[in-house]
Amino acid sequence: MRFLICAAIALLQAVPNESAAAQRARPDSLRPAQVRQSSERMRLDGRFDEAAWAVADSITDFTQKDPAEGTPSTERTVVRFVAAPDGLWIGVWAFDRDPGGIRHAQLRRDASLWSDDYVTVAIDAQRDQRSGFLFSVNPNGALHDAEIVSFEAQNDEWDGVWDARAHIGDEGWTAEIFLPWQTLRYPPDATEWGLNVQRFMRGKNETVLWRGWRRQEGIRFLERQGTLAGIPPLPGRALAEVRPYAASTFRLAEREYDDAGGDSVVQRAGTQLEVGGDAKFALSNTLTLDVTVNTDFAQAEVDRQIVNLTRFPVFFPETRQFFTEGAGIFEFGGRDTRLFYSRRIGRGEDGDAIPILAGARLNGRVGDQQIGVLAVRTGGSDGATDVVTRIKRDVLGRGYVGAMLTAQDRGARPASMSGGLDINLPYIVGGQNLVFVASTAVHRDSAGAGVARYARVLVDYPNDNADVVLRYERVGRGFNPVLGFVQQASVESFGGRIQLSPRPERWGIRQFDFVPGSWEVVRRLGGRLDNARLEIQPLGINFESGDQFEFNLQRRWDSPPEDFEIFPGSDISAGRYSWNRVEVQLEGSNARTYVPNLTLSAGDFYDGTSREVEASLQTRLEPHLLASVEYELSSIRRGGAGFDARVARFRVDYATSARLNSTLFWQYDNESRRIATNARLRWTRSPGSDLYVVWNSAWQSGFDDGIAWRRPQRGSLIVKYIQYFRF
């Protein structure tokens, strides 16, 4: 450990601060972008035939982040801003000398645009350099938005009410973006906002930005953002935005199977009509109260089926909109231990969904404080009241000190409470990023119960040529917040990673990745080793084409204190194990019509051996059809016996436009022996108003007579309509 720390210090001293080209390209003065005020009625059609566009100020000085940092963009980009009574209008002219090479496969809302050309606008309307929103559009007019959490992370599940239109022409492509004032949160007297614009050209694998174009910065690096000046006196926010819904659900009978394939009905078929809704109330220009009644998540993405070959729980991301919006404020803790995990709300002790009767969320900014309060009441036989409170106080530039409190009251059971303090201090040292993070928390189930504690310290050096992380975490005995996620308690862990990423600028290679060490050592509080891992990456290559290659050497240790099942019929006995593995990863460039990905791994596994294959193939037929197939195989052999764990997924996205699209997602794994289908159609009648048609079904497999296709385990057809109103 001492050697690794010394190596990290030497690395920090050796990494150059800035390339010579970047130093030459940095302008002496950064002129703000100017908003053109207009009382003219604007029409969203992507044609720019209103008079305001012709006289609006332009920003054109875009600089490469990749591949040639600090040099001018290879293609011309022009962006203009118009302030109209109803919102901010943004015009984008993305010139391209090869219009036939423009990539434009995506049409679905919130799909990853990484496969396409696209433009992203970052708005920091509060100009606090800590919060903001990203609005992205591709040449098809497909929308993607996100909430900025930090310069390293964003919340892609945030959904705002906005719209755009785009066209491909002989000189490139254009986009017209409309951001209603109500979507943004701004001080009432603001005359300037934080702003940045990024353009990505998939065919060239080129990223250019207006500001913050250095590789260790980027679109989320708000400290290097530019300024949008000339903001006119803005209207106060609407008193309320309301989204009532009506949903009709037809459910097939739910069945339970025995080992021979016989079944019994555990819930009869039926039809159900539900109404409910969400509402936003503007308590101030920067503070919003969200209320939900009889909450329904029929349109949420389904979880991916996996086979877990470890003794630890799996973390699944949140997809329910009420919990994803503003989720950044509620983050507390590390990767494996979180004080708040929203998927605990609306789930019973057996993991089954329970109804959410009502909920409220308050978030926004008051002076130098970001605040978030969440309160939810769930129903059913195991109903509960869940409350989360969070506050962050601005300190030292972009840093903060914060506090969080979570509590649950579940009927006659003792109340459970958890609370913690944290600090996050990002610095720029010699032009490089350096981040210090620390947190501590306590938890107890009732007023008379003992207190369990948690602590974490992290030092991060996240930069382009080198990324170094050192962390320590201690999870006390009994630390298990009822609204949190804890992978393992009663342990302390030491972890870190050293990654060196030189850029040779030759051989068609954009960047090498060398990892001398990535490690995690987890010890029980009594001092005995529980588990550990060490990975060395002798070679990783990112090609100019976008293709990637990795070669990894891995060492694992595990000391399970008791027997555990890794697969039906196969148990690992308590004891101490160690093994070695070799891994190769190949990832194809998203610029291609067909994108292959392959991971191969082989070596020992506990008291046996295993070979693992993860393969996928994606195809894009612009601009309407995207399809992907994935297959995962873990072939485990132990003492002449063994098993094969398999997972298969197939997905098709078909869209006739950016506002009418459909998805078919099929999954299977042989651990649960379940075949599941999720089919969704979404029609956006207008921003905020959507019609969803969703079909979910599942079948059990593995019986002697095959799959009972005529007797599905469950199935449901849901038709849901949401109407958006503003008052």
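In the block above lies the structure referred to throughout.
Residues numbered from 1 in each chain as written. Predicted model: local features only at pLDDT ≥ 70, side-chain atom pairs only at ≥ 80, totals over all residues. Heavy atoms only, no water.

1. Some remarks on the overall build of the protein
Spelled out, the test is: A run of H or I in DSSP counts as a helix once it spans at least four residues, and a run of E counts as a strand once it spans at least two, with each numbered from the N terminus. Relative accessibility thresholds used throughout: buried, under 20% of the residue-type maximum; exposed, over 50%; partly exposed, between the two (1.4 Å probe, protein chains only). The contact criterion used is simple: two residues touch if any of their non-hydrogen atoms lie within 4.5 Å. Note that accessible areas follow from Shrake-Rupley with a 1.4 Å probe, and for residues the cover is restricted to the protein chains shown.
A count of helical and extended segments in the protein gives four helices and 47 strands. Buried residues in the protein amount to 53% of all 727 residues. In the protein, 58% of the contacts between residues at least 6 apart in sequence involve partners at least 24 apart. Carbon and sulfur atoms provide 54% of the accessible area of the protein, an area that totals close to 32100 Å².

2. Quick word on the packing of aromatic side chains
What counts, and what does not: Note on ring pairs: Phe, Tyr and Trp rings are taken, using the six-membered ring of Trp, and paired if centres are within 6.5 Å. Classes follow the plane angle, with under 30 degrees stacked, over 60 edge-to-face and the rest tilted.
Counted by the stated rule, this structure contains 30 aromatic pairs. Ring centres of F135 and W158 lie 6.0 Å apart, and the angle between their planes is 75 degrees; this geometry places the pair in the edge-to-face category. One end of the pair, F135, is in strand 8 (residues 133-137); the other, W158, is in the loop between strand 10 (153-155) and strand 11 (163-169), and 23 residues separate them in sequence. Aromatic side chains Y472 and F494 sit 5.1 Å apart centroid to centroid with 50 degrees between the ring planes, which places their arrangement in the tilted category. Of this pair, Y472 sits in strand 29 (residues 466-475) while F494 sits in strand 31 (residues 491-500), and the two are 22 residues apart along the sequence. Look at Y472 and you get partly exposed, because its relative accessible area is 26%. Given a relative accessible area of 31%, F494 falls into the partly exposed group. An aromatic cluster of at least three residues, connected via ring pairs, comprises F564, Y577, W579, F605 and Y606.

3. Observations regarding the side chain of N597
Rules: In protein, a polar contact requires one atom able to donate a hydrogen and another able to accept it; more generally it is a pair of N or O atoms within 3.5 Å, and residues adjacent in sequence count only if both atoms are side-chain atoms.
Relative to the helices and strands, N597 is located in strand 39 (residues 594-605). Within the structure, N597 has its side chain in polar contact with the backbone nitrogen of G588 (distance 3.3 Å). Not counting the four nearest positions on each side in its chain, N597 is found in contact with L586, E587, G588, E614, A615, S616 and Q618.

4. Some details on the environment of P426
Along the chain, P426 turns up in strand 26 (residues 416-429). For P426, the contacting residues outside a window of four places in its chain are F151, R398, G399, L434 and V435.

5. Notes on the pairing of strand 28 (residues 452-462)
What counts is decided by this rule: We treat two strands as partners when DSSP finds at least two bridges between them.
Relative to strand 28, strand 27 (residues 432-444) runs antiparallel, the two sharing nine bridges. Note on strand 28: the bridge partner recorded for V437 is L458. By the bridge criterion, nine bridges tie strand 28 to strand 29 in an arrangement that is antiparallel. What sits directly across from Y461, in strand 29, is V468. The loop that links strand 28 with its antiparallel partner strand 29 comprises three residues.

6. Details of a nonpolar patch on the surface
Quick note on the threshold: Residues enter patches when their relative accessible area tops 30% and they take part in no salt bridge; the joining distance is 9 Å for like charges and 5 Å for the nonpolar side chains Val, Leu, Ile, Met, Phe, Trp and Tyr. By definition, a salt bridge exists where a carboxyl oxygen of Asp or Glu is found within 4 Å of a side-chain nitrogen of Lys or Arg.
Side chains of Y594, L617, L621, V629, F650 and L664 sit close together on the surface and give an oily, nonpolar patch of about 520 Å² of accessible area. The residue L664 is located in strand 43 (residues 660-669) in this model.

7. Remarks on empty space enclosed by the protein
To keep things clear, this is the line we draw: The rule is simple: put a 1 Å grid over the protein atoms alone, call a set of points where a 1.4 Å probe fits but cannot get out a cavity, call an open set with protein on both sides within 12 Å along at least five of seven lines a pocket, and count a residue as lining if it has an atom within 4 Å of a point. Grid points are joined across faces, edges and corners, and a volume is the space filled by probe spheres set on the points. Classification convention: Asp, Glu, Lys, Arg as charged; Ala, Val, Leu, Ile, Met, Phe, Trp, Tyr, Cys, Pro as nonpolar; all other residues, Gly among them, as polar.
Following the criterion strictly, the structure yields six cavities of 30 Å³ or more and no others. There is about 150 Å³ of room inside the second largest cavity. Taken together, 14 residues line the second largest cavity, and the ones lying closest to its centre are W158, Q182, T183, K280 and E325. Each residue belonging to the lining of the second largest cavity can be placed in one class, and the counts come to two nonpolar, five polar and seven charged.

Note that all results are geometric; they support no functional claim without further evidence.
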